[in-house]
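An overview of the molecular structure
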Amino acid sequence: YHLYGCRLIFDLILAPTMTPTALADTWKIKAITGSFGAELSTGDVRSDMAPGQLLDILEKNLVVVLRDQFLDHSEQVALARTLGEPTPAHPVVPGHPQYPEILELDAARGGKNAQWHTDVTFVATPPAGSVLVADVLPESGGDTLWADMRTAYERLSPSLRHLVDGLEAVHRISPLAYWGEPFDSAMSRDDAQKLYDDAARVPPVIHPVVRVHPSTGRRSLFVNPGFTSHIVGYSRIESANLLKLLFEHATQPEFVMRHQWRDGDVVLWDNRATMHYAIDDFGDAERRMRRVTIRGGHTVGPNGTTSHIVADPLIAVR
């Protein structure tokens, strides 16, 4: 299964005869930036989308903000199923007791994500996309940033694009990769030990540094500070500085959108061509979110290389 491979029963929830004209009649659609991101309001995602229509909008825009939806847990999972097959909540973090697809992100219990990352790239088949719902929001702060890795790749100089097209990088789980600074995980020592032990059982993987989108065919950078440890075949100095260049390039304001959350928001993103960062600027205020991820496939590079688990310890170690 991939992002467009599992619609089946759940597509029946959505209006079967909706046309692009009808979409414009039902939804108010606004571009968020000049290159990516779309905000949809005034409609109901449970009834006002034809099968495949939301997926098409997502793959074109990479991030889709749905205003005023107020989805409960079962509706969130049902929406995710219109895009593909939901995965378990996380490889090492347990999901919701009644909804194992849902990862609960509570800022007061270690659910802060103040680090640029692309979700779960430390496995051979990272998620294709995500559905995030806001439950409790701070009065101010707590925005989320997304970086457009597709346009970031396209805006590299031709010689640098040619270089990165042929590279591969190692991705590995860092148990607390999402936390920014100051470091405060809000976990007990026992919780931290379990997370460390579980993470140690996940082998590192290699992905192409540039991936080709399976639907659109467009290329994007596929490295991120949260999980990419080093570039295969490069020295420590070469790898660290090339990755630093790519990260700084991709997170320029020209390639970044900032979402200010409101009650009822649902945000979808294409995990194959974006990074994101949850800004930790709300102090001790409550911020609770829930996320469902959509199963993805192997990453494929411009020259046909694919993602795979690292077999050689001399490559994996760093």
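Okay, so let's go over this structure. Quantities reported herein were computed from a predicted structural model and do not represent experimental measurements.

Turning to the overall build of the protein, a few remarks are in order. When its secondary structure is counted, the protein shows nine helices and 16 strands. Per-residue burial over the protein gives 53% buried out of 318 residues. Across the protein, every contact between residues at least 6 apart in sequence was considered, and the portion connecting residues at least 24 apart equals 82%. Summed over its atoms, the accessible surface of the protein is roughly 14300 Å², and 53% of this surface lies on carbon and sulfur atoms.

Scanning all chains against the criterion turns up three aromatic pairs. Aromatic side chains Trp146 and Trp269 sit 5.4 Å apart centroid to centroid with 55 degrees between the ring planes, which places their arrangement in the tilted category. Taken together, the residues span a long stretch of sequence, with Trp146 in strand β6 (residues 144–148) and Trp269 in strand β13 (residues 266–270) at a distance of 123 residues. The positively charged end of Lys112 is found above the aromatic ring belonging to Phe282, 5.3 Å away from the centroid. The ring of Phe222 is capped by Arg211, whose NZ or CZ atom sits 4.7 Å from the centre of that ring.

Attention now moves to the pattern of salt bridges. If the charged atoms of two oppositely charged side chains come close together, the side chains can form a pair. Summed over all chains, the structure comprises 17 salt bridges. Close ionic contact of Glu101 with Arg81 constitutes a salt bridge, the shortest N to O distance being 3.3 Å. Of the two residues, Glu101 is situated in the loop between α4 (73–83) and β4 (102–106) and Arg81 in helix α4; the sequence distance between them amounts to 20 residues. The class of Glu101 is buried, set by a relative accessible area of 15%. With a closest N to O distance of 2.9 Å, Asp270 and Arg272 form a salt bridge.

To continue, consider the pairing of strand β14 (residues 274–278). Counting buried positions along β14 gives four out of five residues, so the element sits mostly inside the fold. Both β6 and β14 contribute to a ladder of five bridges, which runs antiparallel. Residue pairing in the sheet places Thr144 in a bridge with Ala278 of β14.

On to the sheet that holds β14. Two orientations exist for strands paired in a sheet by backbone hydrogen bonds: parallel and antiparallel. The sheet built from three strands is open, its strands ordered β12-β6-β14 with antiparallel pairing. One side of each edge strand has no neighbouring strand; the edge strands of this open sheet are β12 (256–259) and β14. Strand-to-strand twist across the sheet, computed as the mean angle between neighbouring axes with direction ignored, equals 20 degrees.

A few words on the environment of Ala114. Examined against the element boundaries, Ala114 turns out to sit in the loop between β4 and β5 (129–136). Separated by 165 residues in sequence, Ala114 and Ile279 place their C-alpha atoms 5.4 Å apart.

This part is about the sheet that holds strand β3 (residues 63–66). The strand order across the open sheet formed by seven strands is β1-β2-β3-β13-β5-β15-β4, and the pairing between neighbours is mixed. Two strands bound the open sheet, and with one partner strand each, they are β1 (28–31) and β4. Averaged over all pairs of adjacent strands, the angle between their axes in this sheet comes to 20 degrees, without regard to strand direction. Most of the contacts of α4 go to strand β15 (residues 288–294), to which it runs at about 30 degrees, and overall it touches β3, β4, β5, β13 and β15.

Let's shift gears to the side chain of Ser41. Note on placement: Ser41 falls in strand β2 (residues 38–41). Once residues lying within four places of it in the same chain are set aside, the contact partners of Ser41 are Thr26, Trp27, Lys28 and Arg67.

Relative to the assigned elements, Leu221 resides in strand β10 (residues 219–221). Note: C-alpha distance between Leu221 and Asp165 (56 residues apart in sequence) is 9.1 Å. With residues near it in sequence (within four places) discarded, Leu221 still touches Met149, Ala152, Tyr153, Leu156, Val164, Val209, Val210 and Leu246.

With a phi close to 75 degrees, Thr42 is a non-glycine residue in the positive phi region. Mapped onto the elements, Thr42 comes out in the loop between β2 and α3 (53–61). For Thr42, a relative accessible area of 60% puts it in the exposed group. Residue Val120 is not a glycine yet carries a positive backbone phi of 55 degrees. As for its position among the elements, Val120 is in the loop between β4 and β5.

Reading the values: rules and limits
Residues numbered from 1 in each chain as written. Predicted model: local features only at pLDDT ≥ 70, side-chain atom pairs only at ≥ 80, totals over all residues. Heavy atoms only, no water. Helix = DSSP H or I, 4+ residues; strand = E, 2+ residues; numbered from the N terminus. Buried < 20%, exposed > 50% of the residue type's maximum accessible area, 1.4 Å probe, protein only. Contact = heavy atoms within 4.5 Å. Areas by Shrake-Rupley, 256 points an atom, 1.4 Å probe, with all protein chains shown as cover. Phe/Tyr/Trp six-rings, centres within 6.5 Å; stacked < 30°, edge-to-face > 60°. Lys NZ or Arg CZ within 6 Å of the ring centre and 35° of its normal. Salt bridge = Lys/Arg side-chain N within 4 Å of Asp/Glu carboxyl O. Pairing = 2+ DSSP bridges. Axes fitted to C-alpha atoms, helices over the stretch in contact; angles between N-to-C directions.

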